[in-house]
Amino acid sequence: MKFKVLVATLIFIFLLGSFYPIIATGLWASPAEFRYDLKPGGTVTGEVTVKNIGNETVNVTIEKKRLLMDSIHLEYSDKGIANWITINGNTTFTLKPGESRKVTFTVKAPSKINYSDAVGALVIRGLPVVENVTGGTQITHGVELVVPIRVGLPGPIIESLELINHKAPLILLSFIPGEFVYELRNNGTVQANMTGSVEIKGLTRHNIPIEGVVYPEDNYTLVERWTPGWTDLGLYKVDTTIKYGRFQAVKTITTSDNVIVIPVWLIILIIIGVVVWILRRRGVEPPIRIRIERK
Amino acid sequence: MNEKIGGLLALLVALMFAVALGAYDTSSAATADQQVQVSVQEAISIDVDSPVDFGNQSAGDTYNSPNYDISNTGNVKIDLYVNTNDTDFRPTTENTTDTIPIDGNYRIRSNVTGSFEQLSTSLLKIYDNMPKASQGSGTPFTWTTQQQLTIPAFTEDGTYVITLIYTAVKHNVQP
């Protein structure tokens, strides 16, 4: 009897789960990015398709922006390339589930600019058309797709990446991540494509790869994380090499730091040792004694 | 008799082999290579469960939301960011004047750090390099997360709302 009740309950829960509506907000855009080579004063037109892949109607807004992006930040600006882009037609519209729309835009490069590479974007935002809000504390989820528009212009190629500042932890504990932060600025006229690594050398060796892109006039915060494991202990030398260039990474920035890794097991052993030492000094007898005898 | 039938069958097989060989003999035929090309266009796409409801809760405590899914439904790897559309949860109930400030109260579990991170109106990276679904698999790559909200003590009863916006950008694009 109990078994039948259990089976009936499980079937009821399963059916309840099957009928519970799963609502999702979703957007799709293609292509995922645009790349153009323009001459000063040149114009190009592009087209992106936006589709509602969720199961509720969304209000779509499309904006043109300049992208400021690094390994942790993503910010939008209305300056620079944002002013070169024109979105043709409506920038706000509604899409029902499964519905799609083509959006065209024009990029017109200025006749005089002081840098050769620029990255803008179409920022496509979809917010559900909220009809009912019932009880409690409710969060509506919207989605946003960033479609970069990368423009290259002929001009002098000056590759110049400056390391403004960098920070490395002095002491790290096992299983607690440490952050190595590098603040960079592109003073050149072309994008700096970065590769390289953070080499951590001591009792054990670790290698953290570096990759990223810094655009002219942009600041870039590069953050690399390392979490020491059980076997990491003692003094470590941290050598960072950042190679960069427009087409080939031929220029190099290097830094060197020292990090002391204190393992958690060593701290636990020290605490146990200190406790045992204090107890013995005070003459406290241990509650359990183990005696091993030879037969 | 059997020997005759066997011989006939052997002859038939030999003839068929000869005909087949002739059909496939290309020594005197002209050949042409046909190159077929297809371009697969990139698409960026995400899908998120909505809405999330913390339910009816008492003021002065911290609550976790139900788990919900965010899927990479495109064919490129993405970085995922999140921000709020407001600095406070706003009441929808009439005559309610309190708000719930998000600063210090509203967090999301991040895949970048593995812990709950403070939400704000600025974009916060919560997933670095989210993979696309493997080729041919019928289901997109999905990540499950949740939110955490502290409702300040003595918050007026009512319904409070906010909007979270999830932003996807193609991962670390290099020309």
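Residues numbered from 1 in each chain as written. Chains lettered and ligands numbered in written order. Predicted model: local features only at pLDDT ≥ 70, side-chain atom pairs only at ≥ 80, totals over all residues. Heavy atoms only, no water.

A. Quick look at the overall build of chain A. Across its full length, chain A holds 2 helices and 18 strands. The C-alpha radius of gyration computed for chain A amounts to 29 Å, which surpasses the reference 19 Å derived for 295 residues by more than 25%, pointing to a less compact arrangement than a globule. When the backbone C-alpha atoms are referred to their principal axes, chain A occupies close to 95 × 70 × 35 Å. Here chain A holds 295 residues, and 43% of them are scored as buried. If you take every contact in chain A between residues at least 6 apart in sequence, the share linking residues at least 24 apart comes to 71%. Here chain A displays about 16,800 Å² of accessible surface, and carbon together with sulfur accounts for 59% of that area. (Helix = DSSP H or I, 4+ residues; strand = E, 2+ residues; numbered from the N terminus. Rg over C-alpha atoms; globule rule 2.2 N^0.38 Å. Buried < 20%, exposed > 50% of the residue type's maximum accessible area, 1.4 Å probe, protein only. Contact = heavy atoms within 4.5 Å. Areas by Shrake-Rupley, 256 points an atom, 1.4 Å probe, with all protein chains shown as cover.)

B. Just the interface of chain B and chain A, in detail. Counting from both sides, the interface comprises 47 residues of chain B and, opposite them, 51 residues of chain A. Buried surface at the junction of chain B and chain A, both sides included, amounts to about 4,000 Å², of which 52% is carbon and sulfur. Taken together, the connections running from chain B to chain A amount to 1 salt bridge. Ionic pairing is found between Lys170 of chain B and Glu33 of chain A, a salt bridge with its closest N-O pair at 2.6 Å. Inspection of the region where chain B meets chain A yields 23 residue pairs in polar contact (both at pLDDT 80 or more). Broken down by secondary-structure element, the contributors of at least two residues to the side of chain B that touches chain A are β1 (44-49), β2 (52-53), β12 (147-151) and β13 (160-170) of chain B. With 11 residues, β13 of chain B is the largest single contributor of residues to the side of chain B that touches chain A. A class-by-class count of the residues in the side of chain B that touches chain A yields 26 nonpolar, 15 polar and 6 charged. For strand β10 (residues 137-152) of chain A and β2 of chain B, the ladder comprises 2 bridges, and the chain directions are antiparallel. Paired with Gln138 of chain A across the two strands is Asp53 of chain B, which belongs to β2 of chain B. (Buried area = accessible area lost by both parts, 1.4 Å probe. Salt bridge = Lys/Arg side-chain N within 4 Å of Asp/Glu carboxyl O. Polar contact = N/O pair within 3.5 Å; in protein donor to acceptor, adjacent residues only side chain to side chain. Nonpolar A, V, L, I, M, F, W, Y, C, P; charged D, E, K, R; others polar. Pairing = 2+ DSSP bridges.)

C. Expanded view of the confidence of the model for chain A. Chain-level pLDDT for chain A is 86 on average; 90% of the residues reach the 70-or-more range. Here residues 12-21 of chain A is a poorly scored stretch, pLDDT under 50, and it has 0 contacts once near neighbours within four places are set aside; other chains count. (pLDDT = per-residue confidence, 0-100.)

D. Representation of the environment of Leu119 of chain B within the structure. All names here are of chain B. You can see Leu119 is positioned in the loop between β9 (116-118) and β10 (124-130). For Leu119, a relative accessible area of 1% puts it in the buried group. Between the alpha carbons of Leu119 and Val82 there is a distance of 7.8 Å; along the sequence they are 37 residues apart. The contacts of Leu119, once residues within four sequence positions are left out, are Val82, Thr84, Ile102, Tyr106, Arg107, Ile108 and Leu164.

E. Just the side chain of Thr155 of chain B, in detail. Residues and elements named next belong to chain B. With respect to the element layout, Thr155 can be found in the loop between β12 and β13. Polar side-chain contacts of Thr155 include one of 2.5 Å to the backbone oxygen of Pro152. In this structure, Thr155 is in contact with Ala59, Asp98, Ile100 and Tyr160, ignoring residues within four places of it in sequence.

F. Representation of the sheet that holds β9 of chain B in the model. All names here are of chain B. The strand order across the open sheet formed by 4 strands is β3-β12-β8-β9, and the pairing between neighbours is antiparallel. A strand with exactly one partner marks an edge of an open sheet, and here the two such strands are β3 (61-64) and β9. Ignoring which end each strand starts from, the neighbouring axes of this sheet average 25° apart. Bridging between strand β8 (residues 106-109) and β9 involves 3 bridges; their strand directions are antiparallel. What sits directly across from Arg107, in β9, is Gln118. (Axes fitted to C-alpha atoms, helices over the stretch in contact; angles between N-to-C directions.)

G. Just the nonpolar core, in detail. Ranked by size, the top nonpolar core spans 61 residues in total, and within it Val107 of chain A together with Tyr106 and Tyr166 of chain B carry the most contacts. Ranked by the residues each element gives to this core, the list is headed by β10 of chain A, at 6 residues. Ignoring any residue separated from it by four or fewer positions in sequence, one finds Val107 of chain A in contact with Tyr36, Leu38, Gly42, Thr43, Val44, Trp84, Ile85, Ile149 and Val151 of chain A. (Core = buried A, V, L, I, M, F, W, Y, C linked by side-chain atoms within 4.5 Å.)

H. Structural context of the sheet that holds strand β12 (residues 171-173) of chain A. All names here are of chain A. Reading across the sheet, the 5 strands line up as β12-β18-β17-β14-β15 and stay open at both edges, with mixed pairing between neighbours. Of all the strands in the sheet, the pair left with one neighbour each is β12 and β15 (205-214). Put simply, the sheet's adjacent strands are angled 25° from each other on average, direction ignored. Of the strand pairs in this sheet, strand β14 (residues 192-201) and strand β17 (residues 234-245) are connected by 9 bridges, and their pairing is antiparallel.

I. The arrangement of the packing of aromatic side chains in detail. Residues and elements named next belong to chain A. Following the criterion strictly, the structure yields 8 aromatic pairs over all chains and no others. Measuring from ring centre to ring centre gives 4.9 Å for Phe34 and Phe105, while their planes differ by 75°; the resulting arrangement is edge-to-face. Of this pair, Phe34 sits in strand β2 (residues 34-37) while Phe105 sits in strand β8 (residues 100-108), and the two are 71 residues apart along the sequence. For the residue pair Phe34 and Phe105, the accessibility class agrees, reading buried in each case. (Phe/Tyr/Trp six-rings, centres within 6.5 Å; stacked < 30°, edge-to-face > 60°.)

J. Representation of the pattern of salt bridges. Applying the stated criterion across every chain, the model contains 15 salt bridges over all chains. The residue Arg125 of chain A makes a salt bridge to Glu144 of chain A at a minimum N-O spacing of 2.8 Å. Of the two residues, Arg125 of chain A is situated in strand β9 (residues 117-128) and Glu144 of chain A in strand β10; the sequence distance between them amounts to 19 residues. Ionic pairing is found between Lys125 of chain B and Asp79 of chain B, a salt bridge with its closest N-O pair at 3.8 Å. Here Asp79 of chain B lies in strand β5 (residues 78-84) and Lys125 of chain B lies in strand β10, a separation of 46 residues in the sequence. Overall, the relative accessible area of 9% leaves Lys125 of chain B in the buried class.

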